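Observations on chain architecture
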Amino acid sequence: MAINLVSLVSQFLTPQVVGSLARAIGVNEAVAQKLVAAAVPTILASLGTAAAAPGGAQRVSDAISNSDPDLLTKIGQAAGSGNARFLNEGATLLNGLLGGGGLSSLVGALSQYSGAPHPATQTLLGAATQAAVG
């Protein structure tokens, strides 16, 4: 039986969590929902692409292995407290895995799709990346 990774990550990013994230970054909840719905499969595909690069599988594996075991709880707490710096750490991780402007391209495409401003898109993409890694 195949595991549906999009479904697993989306189970954590409930409407309540996404609503907290939306308030933390200052966007409409419907925009945040649309952004997260597009971001999760995009992040997972990007991680697959990164893993296919020379040495990439080890980098992705290390990122997952080195993640905080309590990461999913901390994302909810950061969203509730408006800790955008913590939420952005996932974007930094994704940038390191993708390299070469990959994060910028993803942020631009997701921002255009969702209508969210670039900084908010990057923060939400970071939170979704942390959820995927967690």
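Preceding block: the structure.
Summarised in this report is the structure supplied together with it. (Residues numbered from 1 in each chain as written. Predicted model: local features only at pLDDT ≥ 70, side-chain atom pairs only at ≥ 80, totals over all residues. Heavy atoms only, no water.)

**Quick word on the packing of helix 6 (residues 84-98) against helix 8 (residues 118-133)**
The condition that has to hold: Convention adopted: a line fitted to C-alpha atoms gives each axis, helices being fitted over their contacting stretch, and angles between N-to-C directions are expressed from 0 to 180 degrees. Here a helix means four or more residues in a row that DSSP labels H or I, a strand means two or more in a row labelled E, and each is numbered from the N terminus. Angular relationships are summarised with four words: roughly parallel below 35 degrees, roughly antiparallel beyond 145, roughly perpendicular across 65 to 115, and oblique for the angles in between. Any pair of residues with heavy atoms lying within 4.5 Å of one another is described as a contacting pair. When residues are sorted by character, Ala, Val, Leu, Ile, Met, Phe, Trp, Tyr, Cys and Pro go into the nonpolar class, Asp, Glu, Lys and Arg into the charged class, and all the rest, Gly among them, into the polar class.
Following both chains from N to C, one finds helix 6 and helix 8 inclined at 70°, their axes separated by 6 Å at the closest point. Comparing the axis directions of helix 6 and helix 8 gives the class roughly perpendicular. The segment helix 6 lies against helix 8, with Ala84, Phe86, Leu87, Asn88, Glu89, Gly90, Ala91, Leu93 and Leu94 engaging Gln122, Thr123, Leu125, Gly126, Ala127, Thr129, Gln130 and Val133. Across the contact of helix 6 with helix 8, the residue classes break down as nine nonpolar, seven polar and one charged.

**With respect to the pattern of salt bridges**
Note the threshold: Salt bridges, as used here, are contacts in which a Lys or Arg side-chain nitrogen is within 4 Å of a carboxyl oxygen on Asp or Glu. The classification of residues rests on relative accessible area computed with a 1.4 Å probe and restricted to protein chains. Under 20% of the type maximum is buried, over 50% is exposed, and intermediate values are partly exposed.
In the structure shown here, the tally under the stated rule is two salt bridges. The residue Glu29 makes a salt bridge to Arg23 at a minimum N-O spacing of 3.0 Å. Look at Arg23 and you get exposed, because its relative accessible area is 55%. Here Glu89 and Arg85 are joined by a salt bridge, their closest N and O atoms 3.8 Å apart. In this pair, Glu89 and Arg85 are both assigned in helix 6, four residues apart and thus about one turn of the helix distant. Judged by its relative accessible area of 38%, Glu89 is partly exposed.

**Notes on the nonpolar core**
Quick reminder of the rule: To define a nonpolar core, start from buried Ala, Val, Leu, Ile, Met, Phe, Trp, Tyr and Cys residues and group those joined through side-chain atoms within 4.5 Å.
Among the nonpolar cores identified, the biggest contains 41 residues, and Leu13, Leu21, Ile43 and Leu125 are the most heavily contacted of them. Those elements that place two or more of their residues in this core are helix 2 (15-25), helix 3 (29-52), helix 4 (56-65), helix 5 (71-81), helix 6, helix 7 (102-114) and helix 8. If one sorts the elements of this core by residue count, helix 3 sits on top with ten residues. Leaving out residues up to four positions away in the same chain, Leu21 has contacts with Leu13, Ala79, Leu87, Leu124 and Ala127.

**Comments concerning the layout of surface pockets**
Which parts of space are left empty comes out when a probe the size of a water molecule is rolled across the atoms. Applicable threshold: A 1.4 Å probe that fits into a set of points on a 1 Å grid over the protein atoms alone but cannot get out defines a cavity; an open set with protein on both sides within 12 Å along at least five of seven lines defines a pocket, and lining residues are those with an atom within 4 Å of a point. Grid points are joined across faces, edges and corners, and a volume is the space filled by probe spheres set on the points.
Here the largest pocket defines a volume of roughly 190 Å³. Along its surface, the largest pocket is lined by 13 residues, and Leu5, Val9, Leu44, Ala132 and Val133 are the ones closest to its centre. Those elements that provide at least two residues to the lining of the largest pocket are helix 1 (5-12), helix 3, helix 4 and helix 8. With four residues, helix 1 is the single largest residue contributor to the lining of the largest pocket. Looking at side-chain class alone, the lining of the largest pocket contains twelve nonpolar, one polar and no charged residues. Its boundaries defined by the atoms lining it, the second largest pocket holds a volume of some 160 Å³. Among the elements of the structure, helix 5, helix 6 and helix 8 are those that each provide at least two residues to the lining of the second largest pocket. The dominant element in the lining of the second largest pocket, judged by the number of residues it contributes, is helix 6, at four residues. Taken together, the residues of the lining of the second largest pocket sort by class into five nonpolar, three polar and three charged.

Note that all results are geometric; they support no functional claim without further evidence.
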